[in-house]
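Summary of the model geometry
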Amino acid sequence: MPRHPRPAAVAGAAVALAVLAAGPASAGDPTVTDPRVVAHFLFEEGENAENIALEPDGSADITFAGAHEVVRVTREGVRTPVASLPDVPGAQTPVGGAVALGIARAHDGTLYVTYVTGTKETGVWRVPPGGGTPEQIGFFPAGAFPNGLALDEKCGTLYTADTRLGVVWSLPVTGGEPTAWATGAALEPTGQIPFGANGVKLHDGAVWVSNTARGTLLRIPVRKDLTAGPVETRATGLDFIDDFAFTGHGDTVLAALIMSDRLELVRPDGTHKTVLTAADGLDNPTSVAVRHKTVYVNSAAFFNTLDPDPNLLLATLSKNKL
C-alpha cells in the first residue's frame, strides 16, 4: 500500500477509467501481483523518479527529473548516488527548468541519459561505468525535447523520442548531432496536448514508441539498411501513456499511464487492461522495466498537489497457464 492514500474521488475516477479502458480478459495474460513500494523519494528535492535502466544484480538506475541526477536503488530500497548532470544557468523548457529523462545501459556499465535544458546542453550525456562525471556526446537543437532512450549496441546506435517535436532521433554512440530517423503525424503532439512521442524501446527488429497526446503505442520496423519503415499503430486508448516495457511474452507490454495512476497490460492484439492503480502505490507513474519475474515502476508524482509520493514500486510477474 502507498505511504499516503489517495483521496476517494481520485481513486474512484481511476477505477472508472480502468473499467472503460479494459479489454476482454484473457486466461493467457501474464499476471502482476504482490506490488510493494521499496523506496520513497523527496518530491521537494526534485527527486521525481522518471526513467529506469536495470543493473545485472537487479538494482535500478533511476533518473531524477527535477534534481537531474542518476541514483542506483537496490531491490531492498537502498540508494547510492551515481552521477549529477551539470547545472545550466538560464535553463528553460516546456516543463520549467532542466530535466533529466531517459536512461539506457550498455553491457559494460556505461549509462546514457537524455537531458533537456532549452540550451546547447540539451542532448544525450554519457556516464562512465561505475559512475563519475557525465560528458555530453549528443548535441541536439535547443528546442528539442529528447525523452525516452533506447540503445542498440549491435549497431552502435541510440534512439530517443522527441516529445516536443514529434521525432525519433538516432545518434551514434560515438556522439555528434542526431539524425531525424522517423517522423510523421503519428509521432507528433496534438493541439490540445503538447507531448507527443515519449517512451521508446527496441524489440524484435523494430523501434516501439508511445505517444502521450494520442494515447497510442506504435511500432516502427528497422529496415535492413537501418532506416525506418512505416509507422504502425499497435494499440489505442492508452490515455496519457508515458513509458513502457515488454514482459517477455511476445509483444505483450506493460505501460505507465501517468495521469490516471495506472499500469496497463497491453496485449499483442491491442486490447488492454489495468493491472496496478493508485491503491497499489502508483503516483503519476512514468516508466516500467521488467527483469525475469520482477516488474519495476517509477512514480514521479509530478501532478499530485495534495501529498506527492515519488517512489519505486516492485511487483511479481508470472504467466497464467491456459
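Because the structure is a prediction, the values reported are computed rather than measured.

1. Side note on the environment of Ala 301
Residue placement: Ala 301 occurs in the loop between strand S23 (294–299) and strand S24 (311–319). Look past the residues within four positions of Ala 301 in its chain and what remains in contact with it is Phe 43, Asp 283, Asn 284, Pro 308, Asp 309 and Pro 310.

2. Topic: the sheet that holds strand S7 (residues 111–116)
An order of S6-S7-S8-S9 is seen for the four strands of this open sheet, with the pairing classed as antiparallel. Edge positions in the sheet fall to strand S6 (99–105) and strand S9 (135–139), since each has one partner strand and no second. In this sheet, neighbouring strand axes are inclined to one another by 30° on average, regardless of whether the strands run parallel or antiparallel. In this structure, strand S8 (residues 123–127) lies alongside S9, joined through four bridges in antiparallel fashion. Looking at the pairing, Trp 125 lines up with Gln 136 of S9.

3. Quick word on the nonpolar core
Within the largest apolar cluster, 17 residues are counted, with the highest numbers of intra-cluster contacts made by Val 32, Leu 254, Leu 263, Val 288, Val 295, Val 297 and Leu 313. At the level of elements, strand S1 (30–40), strand S19 (253–257), strand S20 (262–266), strand S21 (272–276), strand S22 (285–291), S23 and S24 are the ones that each hand at least two residues to this core. Ranked by residues supplied to this core, first place goes to S24 with three residues. If we skip the residues at most four places from it in the chain, Leu 313 touches Pro 35, Arg 36, Val 37, Leu 276, Asp 280, Gly 281, Leu 282, Val 295, Tyr 296 and Val 297. With 16 residues, the next largest nonpolar core counts Val 38, Leu 54, Ile 62 and Leu 314 among its residues.

4. What to know about the pairing of S7
Every other side chain in a regular strand lies on the same face of the sheet, so the side chains alternate between the two faces. Counting buried positions along S7 gives six out of six residues, so the element sits mostly inside the fold. Neither face of S7 is exposed, since Leu 111, Val 113 and Tyr 115 on one face and Tyr 112, Thr 114 and Val 116 on the opposite face are all buried. Bridge analysis of S6 against S7 gives five bridges, and the strand direction is antiparallel. From the neighbouring strand, Arg 105 faces S7, where its bridge partner is Leu 111. Relative to S8, S7 is paired through five bridges, and the arrangement is antiparallel.

5. A word on the pairing of strand S13 (residues 179–182)
With three bridges joining them, strand S12 (residues 167–172) and S13 adopt antiparallel strand pairing. Paired with Ser 170 across the two strands is Thr 179, which belongs to S13.

6. Let's talk about the pattern of salt bridges
Counting across every chain of the model gives 13 salt bridges. Between Asp 243 and Lys 201 there is a salt bridge, and its shortest N-O distance comes to 3.0 Å. One end of the pair, Asp 243, is in strand S18 (residues 241–246); the other, Lys 201, is in strand S14 (residues 197–203), with 42 residues separating them in the sequence. Judged by its relative accessible area of 19%, Lys 201 falls in the buried class. Linking Asp 251 and Arg 234 is a salt bridge whose minimum nitrogen-to-oxygen distance equals 3.4 Å. One end of the pair, Asp 251, is in the loop between S18 and S19; the other, Arg 234, is in strand S17 (residues 232–235), and 17 residues separate them in sequence. Arg 234 gets classed as partly exposed once you look at its relative accessible area, which sits at 25%.

Here is what the cut-offs are and how they apply
- Residues numbered from 1 in each chain as written.
- Predicted model: local features only at pLDDT ≥ 70, side-chain atom pairs only at ≥ 80, totals over all residues.
- Heavy atoms only, no water.
- Helix = DSSP H or I, 4+ residues; strand = E, 2+ residues; numbered from the N terminus.
- Contact = heavy atoms within 4.5 Å.
- Pairing = 2+ DSSP bridges.
- Axes fitted to C-alpha atoms, helices over the stretch in contact; angles between N-to-C directions.
- Core = buried A, V, L, I, M, F, W, Y, C linked by side-chain atoms within 4.5 Å.
- Buried < 20%, exposed > 50% of the residue type's maximum accessible area, 1.4 Å probe, protein only.
- Salt bridge = Lys/Arg side-chain N within 4 Å of Asp/Glu carboxyl O.

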